[in-house]
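The residues making up each chain are set out below.
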Amino acid sequence: METRPPDGDGVDERTIHGHYLATVNGELDSRGAIRSLPEDLDDIAARIARAVPPDGRPVRVLLWAHGGLVGETAAARRVRDLLGPMRSAGIYPIHFLWHTGFLEEVRDALLARGAGLPVAPRRARALGWLGDRMRSLRDGLLERAARPLGRPIWAEMKADARDACHGRGGAGGGPAFRLLDRVRSTGAPIEYHLVGHSAGSVFHCHLLDWFVRRAVPVRSCSFLVPAATTALFRRAVSNADALLGSFHLHGLPDADERTDHCGELPGTGLPLYHKSLLYLVAHSFEDDPPARLLGLARHVDVDHRGRGRDADPAVRDWLRARATCHWYRPRIERPGATLHGSFDDDPGTIATIIARVAG
């Protein structure tokens, strides 16, 4: 099996080989620093078959899809950093590396277009209502400024998630479906668990179709601040409900979504956008904004005032009947980290997921 040298950040492909599937534009990525070749599908399947315990218990396979501001190097680092703790817990992780780093273009565009917009007062608490109005004005202008670039890029990302699963043009299975077919063909007993962070929830809403078509159960599914629309989620779970075990939604209370931020104005330390990335996606990138997103508490539970008028009633009722929702603020340990972006490396969240999958 061919192995590749370390990438520019020192992630040695040999240390994570067999635990990732790299795709780009709905196809195997055979050219990147961290890449996947057709023979890697059989290699991963064989590794999983060899991981069956001597007593014949199922292999706990965790399928992880990362979020939407993650470049190849950062995604490879997450595979490397999570591999040890997961394998020690008896979990076989497979990470879908689906090259979502191009959303950084949107962040760059916001910085460029936001330079001339009015700056919210630094001491908004002292200014009270005026400070809130200034922030709302600025955020609304940014949402409109980001829309021409952000909407097509977000649409492309969602198409990449769909094509990685269903195949380009919907003809045949994409790399993710083909990998799961190879794993299933080994006959090894397997217990599947899904984790999707932010845009990774869009990926997994499509991946759930594989389990429906093959009538394969999903033991647990955990979405971290998911960016999937409630409409996409409704379709996915309506088809998969009979096969879906426990479902866990990890997200921020609406008050924290509204005090998170996207980027900073250069040289000021002030937020560029005064809400979370999910707010920007819902109000700028999705069609017919504001769209309802599964990860926004106001769209599936209550807003910061305790009102449920913006919630999708069907999804809210399904979550209350079938799911466990965890609304909390993650512990931030990185300089400049956002609340939204911290879920996938928050120690408490990771420990909870590992314990959940390990059973």
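Residues numbered from 1 in each chain as written. Predicted model: local features only at pLDDT ≥ 70, side-chain atom pairs only at ≥ 80, totals over all residues. Heavy atoms only, no water.

Attention now moves to the pairing of strand 1 (residues 20–24). Burial analysis of strand 1 places 4 of its 5 residues in the buried class, which makes it a mostly covered element. With 3 bridges joining them, strand 1 and strand 4 (residues 91–97) adopt parallel strand pairing. Bridged to L21 within strand 4 is F96. Relative to strand 2 (residues 27–28), strand 1 runs antiparallel, the two being bridged by 2 bridges. Looking at the pairing, V24 lines up with E27 of strand 2. Hairpin connection between strand 1 and strand 2: a loop of 2 residues separates the two successive antiparallel strands, and N25 in this loop has a positive phi of roughly 55°. (Buried < 20%, exposed > 50% of the residue type's maximum accessible area, 1.4 Å probe, protein only. Helix = DSSP H or I, 4+ residues; strand = E, 2+ residues; numbered from the N terminus. Pairing = 2+ DSSP bridges.)

What follows covers the side chain of H248. For H248, the position within the fold is in strand 7 (residues 244–251). With sequence-adjacent residues up to four places away left out, H248 is seen in contact with C221, S222, F223, T324, H326 and R356. (Contact = heavy atoms within 4.5 Å.)

Spatially, 8 strands are ordered 2-1-4-3-5-6-7-10 in an open sheet, and the strand pairing comes out mixed. On the outer flanks of this sheet lie strand 2 and strand 10 (323–327), each paired with one strand and no other. Of the pairings in the sheet, the one linking strand 3 (residues 59–65) to strand 5 (residues 190–197) comprises 7 bridges and is parallel in character. Each residue of the ladder has a partner; that of R60, found in strand 5, is E191. Most of the contacts of helix 2 (residues 38–50) go to strand 4, to which it runs at about 160°, and overall it touches strand 1, strand 2, strand 3, strand 4 and strand 5. Set on the sheet, helix 14 (residues 347–358) makes contact with strand 3, strand 4, strand 5, strand 6 (218–224), strand 7 and strand 10; between it and strand 3 the angle comes to about 145°. (Axes fitted to C-alpha atoms, helices over the stretch in contact; angles between N-to-C directions.)

With 12 residues, helix 14 ought to run about 16 Å at 1.5 Å a step, and its terminal C-alpha atoms sit 16 Å apart, in line with that. Positive phi appears at G359, one or two residues downstream of helix 14, with a value of about 75°. (Expected span 1.5 Å × (residues − 1).)

L63, F203, L207, F211, F233, F247 and L319 are the most contacted members of the largest nonpolar core, which totals 83 residues. Residues in contact with L63, not counting those within four places in the same chain, are I94, F96, L180, Y192, H193, L194, V195, H204, L207 and F211. Listed in part, the 10 residues of the second largest apolar core include I16, Y20, A76 and V79. (Core = buried A, V, L, I, M, F, W, Y, C linked by side-chain atoms within 4.5 Å.)

A few words now on the pattern of salt bridges. Tallied over the full model, the rule gives 22 salt bridges. Between D181 and R214 there is a salt bridge, with the nearest N and O atoms lying 2.9 Å from each other. On the criterion of sequence distance, the pair formed by D181 in helix 7 (residues 175–185) and R214 in helix 8 (residues 200–214) is long-range, its members being 33 residues apart. On the accessibility criterion, D181 (28% relative accessible area) is partly exposed. (Salt bridge = Lys/Arg side-chain N within 4 Å of Asp/Glu carboxyl O.)

The angle between the axes and the distance between the axes are what describe a pair of packed helices. Two numbers describe how helix 7 lies on helix 8: the axes approach to 10 Å, and their chain directions differ by 40°. Of the possible angle classes, the one that applies to helix 7 and helix 8 is oblique. In this structure, helix 7 meets helix 8 at a crossing whose hand is right-handed. Between helix 7 and helix 8, the residues in contact are A176, F177, L180, D181 and R184 and F203, H206, L207, D209, W210, F211, R213 and R214, respectively. Looking at the contact of helix 7 with helix 8 residue by residue, the class counts come to 7 nonpolar, 1 polar and 5 charged. (Parallel < 35°, antiparallel > 145°, perpendicular 65-115°, else oblique. Left-handed = near helix turned anticlockwise from the far one by under 90°. Nonpolar A, V, L, I, M, F, W, Y, C, P; charged D, E, K, R; others polar.)

Time to look at the packing of aromatic side chains. Counted under the stated rule, the structure contains 11 aromatic pairs. Plain terms: the ring middles of F233 and F247 are 5.2 Å apart, the flat faces sit at 45° to each other, and that makes the pair tilted. With F233 in helix 9 (residues 230–240) and F247 in strand 7, the pair connects residues that are 14 residues apart, well separated along the chain. Note on F233: relative accessible area 2%, which makes it buried. Taking relative accessible area as the criterion, F247 reaches 1% and is therefore assigned buried. Ring geometry for F247 and W318: centres 5.5 Å apart, planes at 75°, overall edge-to-face. (Phe/Tyr/Trp six-rings, centres within 6.5 Å; stacked < 30°, edge-to-face > 60°.)

Attention shifts here to the environment of I44. With respect to the helices and strands, the residue I44 is situated in helix 2. Residue I44 is classed as buried on the basis of its relative accessible area of 1%. Along the primary structure I44 and I94 are separated by 50 residues, whereas in three dimensions their C-alpha atoms are 8.8 Å apart. Non-local contacts of I44, meaning those with residues more than four positions away in its chain, are made with G18, Y20, Y92, I94 and L179.

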